[in-house]
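Take a look at the letters that make up each chain.
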2 protein chains.
Amino acid sequence: MRTRRAILEAAAEVFDENGYQAATIGEVLNRAGVTKGALYFHFPSKQALAQGVLDEQFRGAGVVPQAVKLQELVDMALALAHRMRHDPLASASARLALEMQMTEIFGTGNTTIWLKVVEDVLREAAEQGELLPHVDPAESAWVFSAAWTGAQVYSHMLSGRADLEYRISSLFLHLLPSIAVPAVLNTLDCRPQRAAEVAEAGQRLAAEEAERAEAAASAV
Amino acid sequence: MRTRRAILEAAAEVFDENGYQAATIGEVLNRAGVTKGALYFHFPSKQALAQGVLDEQFRGAGVVPQAVKLQELVDMALALAHRMRHDPLASASARLALEMQMTEIFGTGNTTIWLKVVEDVLREAAEQGELLPHVDPAESAWVFSAAWTGAQVYSHMLSGRADLEYRISSLFLHLLPSIAVPAVLNTLDCRPQRAAEVAEAGQRLAAEEAERAEAAASAV
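Residues numbered from 1 in each chain as written. Chains lettered and ligands numbered in written order. Predicted model: local features only at pLDDT ≥ 70, side-chain atom pairs only at ≥ 80, totals over all residues.

*Asks:* Explain the overall build of chain A to me, please; I cannot follow it from the model alone.
*Replies:* Of regular secondary structure, chain A possesses 12 helices and zero strands. Reading the helices (α) and strands (β) of chain A from amino to carboxyl end gives α-α-α-α-α-α-α-α-α-α-α-α. Expected size for 220 residues packed as a compact globule is a radius of gyration near 17 Å; at 19 Å, chain A falls within 12% of this value. Across its three principal directions, the C-alpha atoms of chain A cover 60 × 50 × 30 Å. In chain A, 69% of the contacts between residues at least 6 apart in sequence involve partners at least 24 apart. (Helix = DSSP H or I, 4+ residues; strand = E, 2+ residues; numbered from the N terminus. Rg over C-alpha atoms; globule rule 2.2 N^0.38 Å. Contact = placed C-beta atoms within 7 Å.)

As structure tokens, then:
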């Protein structure tokens, strides 16, 4: 597992710097410091390597559940912005997902998964009475996800992502008034400073869950 | 001028299909049906060709001025969505602008120009009392532009841009309540059907202006 992780991190760096087309397996081998056999055992092709990096988008993307589901949505958006700046696997998978040829090679699987995750949170929010009556969760999920991606592209282009948490915060302050009932809107914490907190709390929760699962498995 | 246009249209097709890196001048020559000499006279390099395509983003991007400046902003967004689906030059320049290596080669000039255009319209809207008092035109311009780009990326990926006008309409319905005073918000027409109308009216206006300029020049 550690070898697999080392390979993915090396591949993430290479894809992030060069893009998919220009990346080579040789360069990944150099950086990962593993044997050719080990690399091909885990990832038989460049496409498999890129798919491995893309799959990492969802690992550790969780946040601590919130009573107010719109706060949970804000936290997901902020935590992802934070990871994007500090985790090369998150950064590379975002870059790969946006490369134009990628859809032809890998399909639209990841985008569809993100849309479903956001839609589900919005549906829960609707059931709890957090949303204005006209809101269509699927349509708003599309707008929120697409706008998040646009903010990531702009922040990457104009500031090397230095202002990403700030821009995601600003984006949510622009979008939420159109879907949230006023009493809920007033309680939402969209401050950019929250990004690091919720990202770290999410990772702690995931680590605890993994530990508990391991303990349960060894007790059997 | 007609040769230049034919070359740009051929280049737009080649860049749109293959991306910048994989595009070749040979393929542009084949499609444009012009001599190598003519091509190099207008565009001495692949980079010059791409810059020519990128510059086309702003030609014909105008819309008919509106008394309500937020309506003008909606019209710009809808008209651009319409052009993106029907004008290969607009489509290719959007694709080029989003390719990851492009910023390194061409800088962030076009993005900065769009931000300024949107910010200026929002400033005029503010002066006319159309905006809520807390709105910062530069910050909202960033959010509106980035979100527009994200919607274009998603629509391209998930529907081949078939739903772009609809999605831009939906995006503006999500964003405008956070910046417009209610009395203005109620008057704004964001229907997707408006996209074709405003794009065509903008082109008619530009053609009339060009004719008048020509007539004035020949009268001198």
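On we go from here.
*Asks:* What is the right way to look at the interface of chain A and chain B in this model?
*Replies:* Much of the literature gives interface size as the accessible area that the parts lose upon coming together. Each side of the interface is counted separately: chain A has 33 residues, and chain B has 33 residues. If one sorts the elements of the side of chain A that touches chain B by residue count, helix α9 (residues 137-159) of chain A sits on top with 15 residues. Among the residues making up the side of chain A that touches chain B, the classes are represented as 16 nonpolar, 13 polar and four charged. (Nonpolar A, V, L, I, M, F, W, Y, C, P; charged D, E, K, R; others polar.)

*Asks:* Looking at this model, I keep getting lost on the domain arrangement of chain A. Mind explaining?
*Replies:* All names here are of chain A. Partitioning chain A into domains gives domain 1 (2-55) and domain 2 (69-219). Looking at the side of domain 1 that touches domain 2, the elements with two or more residues in it are α1 (2-22) and α4 (46-55). In terms of residues, the side of domain 1 that touches domain 2 owes the most to one element, α1, which gives nine residues. A class-by-class count of the residues in the side of domain 1 that touches domain 2 yields seven nonpolar, four polar and three charged. (Domains from an automatic or database assignment.)

*Asks:* Would you mind going over the relation of the copies chain A and chain B with me for this structure?
*Replies:* Both copies of the chain are tied together by a single rotation about an axis and a shift running along it. Its rotation angle being 180°, the transformation that places chain A on chain B also includes 0.0 Å of axial translation and leaves an RMSD of 0.1 Å. Both copies are brought into coincidence by an operation consistent with a two-fold rotation axis. Mapped onto chain B, 100% of the interface residues of chain A are again interface residues, and the two copies thus contact each other with one and the same surface. (Least-squares fit on C-alpha atoms with pLDDT ≥ 70 in both.)

*Asks:* Looking at this structure, I do not really get unusual backbone geometry. What am I missing?
*Replies:* For residues besides glycine, phi is generally negative; the peptide bonds are generally trans as well. Residues and elements named next belong to chain A. Backbone geometry at Arg161 places phi at a positive 75°, although glycine is not the residue there. Within the element layout of this structure, Arg161 appears in the loop between α9 and α10 (164-175). Judged by C-beta crowding, with 19 C-beta atoms within 10 Å, Arg161 ranks as partly exposed. (Buried ≥ 20, exposed ≤ 12 C-beta atoms within 10 Å, placed from the backbone.)

*Asks:* For this particular structure, what's the right way to read the nonpolar core?
*Replies:* In this structure, Val53(A) and Val53(B) are the most contacted members of the largest nonpolar core, which totals 129 residues. Sequence-distant contacts of Val53(B), defined by excluding residues within four places in its chain, comprise Leu8(B), Ala11(B), Ala12(B), Phe15(B), Leu89(B), Ala92(B), Ser93(B) and Leu96(B). (Core = buried A, V, L, I, M, F, W, Y, C linked by C-beta atoms within 7 Å.)

*Asks:* Hey, could you run me through helix α1 (residues 2-22) of chain B in this one?
*Replies:* Every α-helical turn comprises 3.6 residues, leaving residues that sit three or four positions apart pointing alike. All names here are of chain B. For α1, which comprises 21 residues, the first-to-last C-alpha distance of 26 Å sits more than 12% below the rise-based estimate of 30 Å (1.5 Å per residue). Residue Asp16 marks the point of greatest curvature in α1, where the axis turns by about 80°. Every buried residue of α1 is listed here: Ile7, Leu8, Ala10, Ala11, Ala12, Val14, Phe15 and Tyr20. (Expected span 1.5 Å × (residues − 1). Bend = angle between axes of the 7 residues up to and from the residue.)

*Asks:* Honestly, helix α9 (residues 137-159) of chain B in this entry has me stumped. Any pointers?
*Replies:* All names here are of chain B. Compared with an ideal rise of 1.5 Å per residue, which puts 23 residues at 33 Å, α9 spans 32 Å between its outermost C-alpha atoms and is within 8% of the ideal. The element α9 is largely enclosed, with a buried count of 17 among its 23 residues. Just beyond α9, the residue with positive phi is Gly160, at close to 55°.

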